[in-house]
Amino acid sequence: MYIFIINPRAGNGRAKRVFSKIIKSELYQSLESTYHFTRYPGHAEEMAKQISLTPERKTIIVIGGDGTIHEVLNGLTDSSTPVAFIPGGSGNDFARGCNINGSPVEVLRDIINGDNEKSYWIGNYRQDRQPIRNFANSIGFGFDAQIANTVNKSVYKNIFNRLGIGTLSYVIALIQVLIHFKPMTVIVDVNQQQRKLTNCWMVTTGNHPYYGGGMKIIPDAKIQPNILPILIIHDISKWKVLSLFITVFIGKHQMFKEVERLEATDFTIISDQELFFQVDGQTDTCKTCTVTKQVDPVILLGTKME
Ligand SMILES: Nc1ncnc2c1ncn2[C@@H]1O[C@H](COP(=O)(O)OP(=O)(O)OP(=O)(O)O)[C@@H](O)[C@H]1O
């Protein structure tokens, strides 16, 4: 049984259009399936939870963007329900990171064929004393989070998304944030080593390289168990940050001496002040956060990743 979860708001209606193409295909009509549209934020998470609790064998096929897959991965109660994703959002970093491409019906064929099945180790995070949550793409503290926050609140986001130049929103927000940004003082605990960073711009990790609709924030990140690739930018001038972020688009920013690239099974960030963070593009604040990898991978269908 295939159960489709579609976010009709994702990609300004793109996910809905993607599903209307799929529903007309012979392939879809040959499947035993049901579908559900999300009706409000958080609904995909609730549905994924209910679906994963049913005893039948089923596959969840998500049509939406990064926010929708984030919700579904947080709703799963265990890793026994395979998940597939057909991109229908604006940024679609999850699809990019997992090498899910082709027309909607081609992606559906890749899902049904079943020979494109891979393990996907999602990330876990615990902000302050709240319950553990999952991330599909990335979690970042500081500068990248403030950029995501500015983009999400902006009036230009939807306009640029409609024009297919959504990354331009991040460039504009980067300049807006750069003008006022104050570097953070944080304690970062990586590999049992605590360091105090007094001029820290950002601490970011991801399951794959992409952020902000295609920026290669951690160019060599791979979907793998147990290891978090961590990028820390600190002790850098505002002007140099600008040139550094220009190179993010081609994934060359790791050459800068102010960029540290570490690996760990987990890390904790601690601050006296509320810290901005972004997780899969949505923003929040916290004073401490521990990040790790989930031990049991999600079974992801329809991906051409290595
Ligand atoms: N029916 C609905 N009405 C309003 N918002 C919804 C509804 N269903 C889901 N949402 C919310 O829509 C938000 C945006 O979805 P999503 O992130 O998938 O699309 P996107 O922002 O266009 O794509 P991307 O994140 O890839 O740029 C999600 O945070 C989700 O909670």
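Nothing here was measured: the structure is a model prediction, and the numbers come from that model. (Residues numbered from 1 in each chain as written. Predicted model: local features only at pLDDT ≥ 70, side-chain atom pairs only at ≥ 80, totals over all residues.)

Chemist: Please set out the overall build of the protein residue by residue, giving values where relevant.
Modeler: Counting its secondary structure elements, the protein contains 10 helices and 17 strands. Relative to the compact-globule value of 19 Å for 306 residues, the protein shows a C-alpha radius of gyration of 19 Å, a close match. With respect to the principal axes defined by its C-alpha atoms, the protein has extents near 60 × 40 × 35 Å. Burial statistics for the protein: of 306 residues in total, 46% are counted as buried. Long-range contacts, defined as pairs at least 24 residues apart, comprise 74% of the intrachain contacts of the protein with a sequence gap of at least 6. (Helix = DSSP H or I, 4+ residues; strand = E, 2+ residues; numbered from the N terminus. Rg over C-alpha atoms; globule rule 2.2 N^0.38 Å. Buried ≥ 20, exposed ≤ 12 C-beta atoms within 10 Å, placed from the backbone. Contact = placed C-beta atoms within 7 Å.)

Chemist: Kindly report on the site of the ligand, identifying the contributing residues and their values.
Modeler: Neighbouring the ligand are 22 residues, the closest being Pro 41, Gly 65, Gly 67, Gly 89 and Gly 91. A total of four residues in the shell around the ligand trace back to one element, the largest contributor, which is helix H4 (residues 66-75). Classifying every residue of the shell around the ligand gives four nonpolar, 14 polar and four charged. (Near = placed C-beta within 6 Å. Nonpolar A, V, L, I, M, F, W, Y, C, P; charged D, E, K, R; others polar.)

Chemist: Let's hear about the UniProt feature "domain: DAGKc" (unreviewed entry) in the protein: which residues, and what values?
Modeler: Here the UniProt feature "domain: DAGKc" (unreviewed entry) sits at residues 1-129. Annotated as 39% helix and 23% strand, the span residues 1-129 places its first and last C-alpha atoms 38 Å apart. (UniProt positions renumbered as here; feature names shortened; annotations may be inferred.)

Chemist: Describe in detail the nonpolar core, supporting the description with residues and values.
Modeler: With 83 residues, the main nonpolar core has Ile 5, Ile 60, Val 62, Ile 63, Val 72 and Phe 85 as its most contacted residues. Per-element accounting of this core gives the leading share, six residues, to strand S15 (residues 266-279). Shared between two domains, this core takes at least three residues from each, and those domains are domain 1 (2-115) and domain 2 (124-293). Look past the residues within four positions of Val 72 in its chain and what remains in contact with it is Ile 5, Ala 44, Glu 45, Ala 48, Ile 60, Val 62 and Val 83. (Core = buried A, V, L, I, M, F, W, Y, C linked by C-beta atoms within 7 Å. Domains from an automatic or database assignment.)

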